[in-house]
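Structure assessment
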Amino acid sequence: MHTNDMTTGTPIKVIIQFAIPLLIGTLFQQAYNIIDTMIAGYNLGDDAIAAIGATSALYSVLIYFANGMNNGFGIVMAQIFGAKNLSKMKKAVAATIILNIMTTILLTVIVLPFLRILLYWLDTPQEIFDIAYQYIFIILAGMTATIGYNMCSGFMRAVGNSRTPLYFLIASCGINIVLDILFILGLHLGVSGAALATVAAQLISAILCAIYIIKKYRIYMPEKKDWHLSKKLVLEMLSTGISMGLMSSVLAIGSIILQKGINHLGKDIITAHTASRRLFEFLMMPLQAVAVACSTFTGQNFGAKQFDRIRKAMKQVLWLELLWSVISVAIAFLYGNMLIRMLTGTGNENIILNAAYNLKVCTIFFFPLGILFVLRNAMQAMGYRIVPILSSSIELVVKILSCVFVIPVMKYTGVVLTEPVIWVMCAAFLGVIYLKTKKQKMVSIS
């Protein structure tokens, strides 16, 4: 049984060791996404990529909610693990399973019957509507596999194991690629084959992950008496889970709205923004990995009432975020144009210049983004429910206002400045709340 008690040891060392597998997993996932797109694009053509892309917004909102919810459940389990309360941990695992089953059924019943209406609302082009519907229907019908895998990963991260979920993620990506080739090239199932490959790979990984947990973490597995849940525990898990789920889905909705604004600026701008976004997300990964690791660390130490360790870790993590921000700025300014050219293969200078422009401006504001990531995750782990949702709501409102008032006037400069302004606003908002309430929050459970 591999666990990691993060209530002991040097805080920053413990956090970095936990963050590295998370970072590797994210990098691997990005590499897989590129390969998956290439297989579909080279063999099925542009319509296939367009169909997958046209439905990604809907998929993101639903899955981000489900994944965010499981991250919330994981925070509660991390707090209980840190408090070394074995009986409550078993009940928390049982509650996680029951709540995930209920969520999966609810989302499936709500979404699938209205899927065509939702695709019309998303302005899915008519020429790709049918294959887009086939793809997203299969993906969402197989939502159980995705949620099951994330539930298992959330449990293992809660007990300090970030390596094993990485191994299962790598296995899932490998299986998906093999099944893509089999279903698309061998069985000629088209876009439906790509969807079936994704669901099958996630299902296999979820089953293997569950078997591993049952064997290696039997001590935490619920017994018959643990399935009788207390109202207090369920409300605690739901409040944290729904809070993080809403935060994640609100962010996804905001991105959809901003993308609609970008789509009015023409093909070159869309291409430029997409290219810079890929590089931006690649450079952003270390910021996210450290913030997620800090969340688990905070959850365990909050449960153990080790508040001095939390304060020390927050300071050290922010210095780490600042260091990576400086490195990212250097990469963007020294190699940004070259990286854009390599990624797109384009000779269109308008695309290259606009993409590099966005990349450079965004990396300049990486440190506020890092502060935002750390505070959102750590505050959730410390029991803040409403404040992180409010910060996400601020982001949503600013993106709507930008699309309506700023982008039509400032064009792409309006797009480029929108998210950095949001990062500064939200980081300042969370920072003020955290500094004013942290002592009260910690004293309240002492």
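Scroll up to find the structure this text is about.
A short tour of the structure in this document, coming up. (Residues numbered from 1 in each chain as written. Predicted model: local features only at pLDDT ≥ 70, side-chain atom pairs only at ≥ 80, totals over all residues. Heavy atoms only, no water.)

A closer look at the overall build of the chain
- From N to C terminus, the chain includes 15 helices and zero strands.
- A fraction of 84% describes how many contacts in the chain between residues 6 or more apart in sequence connect residues 24 or more apart.
- With an accessible surface of roughly 19,900 Å², the chain has 69% of that area assigned to carbon and sulfur atoms. (Helix = DSSP H or I, 4+ residues; strand = E, 2+ residues; numbered from the N terminus. Contact = heavy atoms within 4.5 Å. Areas by Shrake-Rupley, 256 points an atom, 1.4 Å probe, with all protein chains shown as cover.)

Considering the pattern of salt bridges
- Inspection of every chain in the model, using the stated rule, returns seven salt bridges.
- Residue Glu223 is joined to Lys90 by a salt bridge in which the shortest nitrogen-to-oxygen separation is 2.7 Å. Of the two residues, Glu223 sits in the loop between α8 (190-216) and α9 (231-263) while Lys90 sits in helix α3 (residues 86-111), which places them 133 residues apart along the sequence.
- Overall, the relative accessible area of 41% leaves Glu223 in the partly exposed class.
- Accessibility expressed as a relative area gives 12% for Lys90, which makes it buried.
- Across the pair Glu395 and Lys399 runs a salt bridge whose closest N-O atoms are separated by 3.1 Å. One end of the pair is Glu395 and the other is Lys399, both in helix α14 (residues 386-410) and four residues apart, which spans about a single turn.
- The class of Lys399 is buried, set by a relative accessible area of 0%.
- Through salt bridges with shared partners, a single network forms among Arg376, Glu395, Lys399 and Glu419. (Salt bridge = Lys/Arg side-chain N within 4 Å of Asp/Glu carboxyl O. Buried < 20%, exposed > 50% of the residue type's maximum accessible area, 1.4 Å probe, protein only.)

Considerations on helix α6 (residues 143-158)
- When the terminal C-alpha atoms of α6 are compared, their 22 Å separation across 16 residues agrees well with the 22 Å that a helix rising 1.5 Å per residue should span.
- For α6, the buried fraction is high: 15 of the 16 residues fall into the buried class.
- Backbone geometry just after α6 places Gly160 at a positive phi near 90°. (Expected span 1.5 Å × (residues − 1).)

Thoughts on the packing of helix α5 (residues 129-141) against α8
- With their axes 8 Å apart at the nearest point, α5 and α8 run at an angle of 15° to one another. If you check the angle between α5 and α8, you find them roughly parallel. In the packing of α5 onto α8, the handedness of the crossing is right-handed. Mapping the contact onto sequence places Ile131, Gln134, Tyr135, Ile138 and Ile139 in α5 and Val191, Ser192, Ala194, Ala195, Leu196, Thr198 and Val199 in α8.
- Of the residues contributing to the contact of α5 with α8, the split by class is nine nonpolar, three polar and no charged. (Axes fitted to C-alpha atoms, helices over the stretch in contact; angles between N-to-C directions. Parallel < 35°, antiparallel > 145°, perpendicular 65-115°, else oblique. Left-handed = near helix turned anticlockwise from the far one by under 90°. Nonpolar A, V, L, I, M, F, W, Y, C, P; charged D, E, K, R; others polar.)

Some words on a nonpolar patch on the surface
- A contiguous nonpolar patch, built from Leu203, Ile204, Ile207, Leu208 and Ile211 and spanning about 410 Å² of accessible area, is present on the exposed surface.
- Mapping Leu203 onto the fold places it in helix α8. (Patch = residues over 30% accessible without salt bridge, like charges linked within 9 Å, V, L, I, M, F, W, Y side chains within 5 Å.)

Focus on the packing of helix α7 (residues 163-186) against α8
- At a minimum axis separation of 8 Å, α7 and α8 run at an interaxial angle of 150°. Compared by their axis directions, α7 and α8 come out roughly antiparallel. Viewed along their axes, α7 and α8 form a crossing whose handedness is right-handed.
- The residue makeup of the contact of α7 with α8, split by class, is 15 nonpolar, eight polar and one charged.

Some remarks on the side chain of Ser205
- By secondary structure assignment, the location of Ser205 is in helix α8.
- Excluding anything up to four places from it in sequence, Ser205 contacts Tyr149, Phe168, Ala171 and Ser172.

What to know about the nonpolar core
- Core analysis: the biggest nonpolar cluster contains 51 residues, and Phe280, Met314 and Leu369 have the highest contact counts within it.
- Of all the elements in the fold, those that place two or more residues in this core are α1 (11-44), α10 (267-303), α11 (307-344), α12 (349-364), α13 (366-381), α14 and α15 (412-444).
- Among the elements that make up this core, the one with the highest residue count is α10 (14 residues).
- In this structure Phe280 touches Leu359, Cys362, Phe366, Leu369 and Trp423, once residues within four positions along its chain are discounted.
- The next biggest cluster of nonpolar side chains, apart from the first, holds 31 residues, and it includes Phe65, Phe81, Phe155 and Leu233. (Core = buried A, V, L, I, M, F, W, Y, C linked by side-chain atoms within 4.5 Å.)

Side note on the side chain of Arg309
- Following the sequence through the fold, Arg309 ends up in helix α11.
- Within the local environment of Arg309, its side chain forms a polar contact with the side chain of Asn301, the two groups lying 2.8 Å apart.
- Every residue in contact with Arg309, bar those within four places of it in the chain, is listed here: Met6, Thr7, Thr8, Gly9, Pro11, Phe297 and Asn301. (Polar contact = N/O pair within 3.5 Å; in protein donor to acceptor, adjacent residues only side chain to side chain.)

What about the environment of Leu23?
- The residue Leu23 is located in helix α1 in this model.
- The exposure class assigned to Leu23 is partly exposed, which follows from its relative accessible area of 23%.
- Along the primary structure Leu23 and Leu166 are separated by 143 residues, whereas in three dimensions their C-alpha atoms are 9.3 Å apart.

Focus: the packing of aromatic side chains
- Taken as a whole and assessed by the stated rule, the structure comprises nine aromatic pairs.
- Plain terms: the ring middles of Phe280 and Trp423 are 5.7 Å apart, the flat faces sit at 5° to each other, and that makes the pair stacked. Note that Phe280 is positioned in helix α10 and Trp423 in helix α15, a separation of 143 residues in sequence. Trp423 carries the same exposure label as Phe280, and that label is buried.
- What links up through ring pairs into an aromatic cluster is the set Phe81, Phe155, Phe168, Tyr212, Tyr217 and Tyr220.
- Here the guanidinium or amino end of Arg116 rests over the ring plane of Tyr133, the centre of that ring lying 4.0 Å away. (Phe/Tyr/Trp six-rings, centres within 6.5 Å; stacked < 30°, edge-to-face > 60°. Lys NZ or Arg CZ within 6 Å of the ring centre and 35° of its normal.)

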